[in-house]
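Notes for the structure review
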Amino acid sequence: MRSNALLSKPFLTSLFLGVGGFLYGFDSGIITPTLALKSFLDYFNQPDAATRGAIVSVFQAGAWLGSASVGITSDKFGRRKAIAFGCIFGAIGGGLMAGAAHVAMLILGRLFVGYAVGTITGVAPVFGAEIAKLGVVAWGFFVALWTGVGEGKWDNPNQWRLGFAIQGAPALVLGIGVLFVSESPRWLCLKGRDEDAKKAFLNYHYDGTNGEWCDAEFSIIRINIAEERRTQGRLTWADLVKTPAFRKRLFVGSFVWAAAMLSGISFVQYYQTAIYATLQFDQNEQLLVSGLYGTVAPVACLASLFFVDRVGRKKILIGSSAVLSLCYMIITILAAVYPARPGFPTNVAAQRGLIACIFAVSANYSALLGPMTWIIPPEVFTTELRAKANAVVQVIHYSISLVITQCSPIALAAVGWKYYILFILTNALCTLVFAFAYPETKGKSLEEIDEIFGDIKVAAHGGDTELSADEENAVDVFEVRAGKSEDSA
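**Some thoughts on the overall build of the protein**
- Looking only at helices and strands, the protein features 21 helices and 0 strands.
- The burial tally for the protein puts 55% of its 489 residues in the buried class.
- Long-range pairs, those at least 24 residues apart, make up 83% of the contacts in the protein between residues at least 6 apart in sequence.
- Summed over its atoms, the accessible surface of the protein is roughly 19,500 Å², and 66% of this surface lies on carbon and sulfur atoms.

Following this line, the structure appears as structure tokens:
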């Protein structure tokens, strides 16, 4: 039986891969406090709403390019090398942003950093799902926002460069370190390198006492991948939409990210200081509140670890979207009824209520919907299609985020509080989709999830796949699991 020790190699490797999530959170979050710094705004001649939108959204454009290419790099070169490749752009992009002499240089740096994040977020969840699961995006955002608070206290015209310089560090750590961990056993099996795959699997899971368990589990992985390749051949990009089962997989994996972006979280995260400015907060107040906002996310993310695998995925998704819609409804009402106008008294209670709802959006997303975006997509794709399908998912994710981050400052300046109505409606729609169109995948292994979608089923003692004695035994184990699953359905 496999050891469940906290310090097992799969856990530690997933923890290290979490540096990719930290990089995503930090690179995403550092622009938020920077846009509130007077030194930054003065240096770039008070950029208008469209320019600020471009500075923020070009990150999403770069991420789109990175996620679009990752299906090729990850499948061809492996999970480790694809991550290391992306990290090179992260380090270069951080340097360009820290040394930016003009807006064009800043935007180019943001593009490179975005490409790195798109590549890493396209591969790390796949790699993590193939050995274990973990994500620390919220911690990256937390550090980024409090870095902004520190920058605000540093009385220096170059204060805004500090956070941009720091973002290159996790890229270097991850890019170098990932080359020293074992490759994904599933990817190695997919490439026909069974001997290397067995060594990698044992490196992750063998604890000196569980040899029988390791043999059985590895045999199940090998058999499933062999059966996928025998039944479906070399699957291509077009195969994602050829069959009803794979179309459903693509929908389930894609829509959870679409819902995450339509939740309005990127608008709140990137432009919360602009929202605080409409409440007549000064620079230090904006930075302080944004820092407190950043503290909410990691606490909520930690809390999610205690129930994310105990409560059904579907219940979490429905509850999260419904509560988000309610939060935006309250924000809209407070902003409409109690507007903060220069020269007029402000309603302090209404301001506190609005900020509390913004914090509730962060807590909700970080504890509920956010973790699901990292768990569900890699879960619902077969091993051979996992990298390609996850790349498509991330392209959809960054495409929606690109539109929202570019348009939000313009819309906020044009229609004010009425813009929040959009997110009341989008979250209500997502609630309905999750309730009526989503399957439950909690508690299923990556191989067992194949059964839910009905496209791959392991042939026990037939077919063309030759099985060793250990693998015959593994198939029996797999059949017992499948039988229990069907009996409980």
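**Overview of the layout of surface pockets**
- Estimates place the volume of the second largest pocket at around 590 Å³.
- Along the walls of the second largest pocket sit 32 residues, with Ala274, Ile275, Ala277, Thr278 and Leu412 positioned nearest its centre.
- Residue assignment for the lining of the second largest pocket shows that the elements contributing at least two residues are α14 (265-278), α15 (283-304), α16 (313-337), α17 (348-379) and α18 (383-415).
- If one sorts the elements of the lining of the second largest pocket by residue count, α14 sits on top with 6 residues.

**Observations concerning the packing of aromatic side chains**
- What the rule picks out here adds up to 22 aromatic pairs.
- Geometrically, the ring pair formed by Phe267 and Tyr419 is edge-to-face, given 5.2 Å between the ring centres and 90° between the ring planes. Pair noted here: Phe267 is in helix α14 and Tyr419 is in the loop between α18 and α19 (421-437), with a separation of 152 residues, a long-range link. The pair formed by Phe267 and Tyr419 is uniform in burial state, with each residue classed as buried.
- Geometrically, the ring pair formed by Phe267 and Phe423 is stacked, given 5.6 Å between the ring centres and 15° between the ring planes. Placement of Phe267 in helix α14 and of Phe423 in helix α19 is noted, with a sequence separation of 156 residues between them. Like Phe267, the residue Phe423 is buried in the burial classification.
- Taken together through their ring pairs, the aromatic side chains of Phe40, Tyr43, Phe44, Trp160 and Phe164 make up a single cluster.
- Directly above the aromatic system of Tyr43 lies the positively charged group of Arg161, at a separation of 5.1 Å from the ring centroid.

**A few points about the nonpolar core**
- Phe40, Ile83, Phe164, Phe267 and Ile358 are the most contacted members of the largest nonpolar core, which totals 105 residues.
- Ranked by the residues each element gives to this core, the list is headed by α17, at 12 residues.
- Here Phe40 is in contact with Thr34, Leu35, Ile55, Leu106, Trp160 and Phe164, once residues within four sequence places are set aside.
- Of all hydrophobic cores here, the second largest spans 12 residues; its members include Cys189, Leu190, Phe201 and Ile225.

**A short note on a nonpolar patch on the surface**
- On the surface, a nonpolar cluster with roughly 540 Å² of combined accessible area is contributed by Leu326, Met329, Ile330, Ile333, Val337 and Tyr338.
- As for its placement among the helices and strands, Leu326 is situated in helix α16.
- Its relative accessible area of 48% is what places Leu326 among the partly exposed residues.

**Concerning unusual backbone geometry**
- A positive phi angle is found at Asn45, which is not glycine, with a value near 60°.
- Within the fold, Asn45 resides in the loop between α3 (38-43) and α4 (49-77).
- With a phi close to 50°, Gln46 is a non-glycine residue in the positive phi region.
- By secondary structure assignment, the location of Gln46 is in the loop between α3 and α4.

**Considering the packing of α15 against α17**
- Direction vectors running N to C along α15 and α17 enclose 30°, while the axes themselves pass 8 Å from each other. Read as a crossing pair, α15 and α17 show a hand that is right-handed. Residues Val289, Leu292, Tyr293, Val296, Ala297, Ala300, Cys301 and Ser304 of α15 form the contact with α17, whose own contacting residues are Ile355, Ile358, Phe359, Ser362, Ala363, Ser366, Ala367 and Pro371.
- Classifying every residue of the contact of α15 with α17 gives 13 nonpolar, 3 polar and no charged.

Procedures and definitions
- Residues numbered from 1 in each chain as written.
- Predicted model: local features only at pLDDT ≥ 70, side-chain atom pairs only at ≥ 80, totals over all residues.
- Heavy atoms only, no water.
- Helix = DSSP H or I, 4+ residues; strand = E, 2+ residues; numbered from the N terminus.
- Buried < 20%, exposed > 50% of the residue type's maximum accessible area, 1.4 Å probe, protein only.
- Contact = heavy atoms within 4.5 Å.
- Areas by Shrake-Rupley, 256 points an atom, 1.4 Å probe, with all protein chains shown as cover.
- 1 Å grid on protein atoms, 1.4 Å probe; cavity = no way out; pocket = protein on both sides within 12 Å on 5 of 7 lines; lining within 4 Å.
- Points joined across faces, edges and corners; volume = space filled by probe spheres on them.
- Phe/Tyr/Trp six-rings, centres within 6.5 Å; stacked < 30°, edge-to-face > 60°.
- Lys NZ or Arg CZ within 6 Å of the ring centre and 35° of its normal.
- Core = buried A, V, L, I, M, F, W, Y, C linked by side-chain atoms within 4.5 Å.
- Patch = residues over 30% accessible without salt bridge, like charges linked within 9 Å, V, L, I, M, F, W, Y side chains within 5 Å.
- Salt bridge = Lys/Arg side-chain N within 4 Å of Asp/Glu carboxyl O.
- Axes fitted to C-alpha atoms, helices over the stretch in contact; angles between N-to-C directions.
- Left-handed = near helix turned anticlockwise from the far one by under 90°.
- Nonpolar A, V, L, I, M, F, W, Y, C, P; charged D, E, K, R; others polar.

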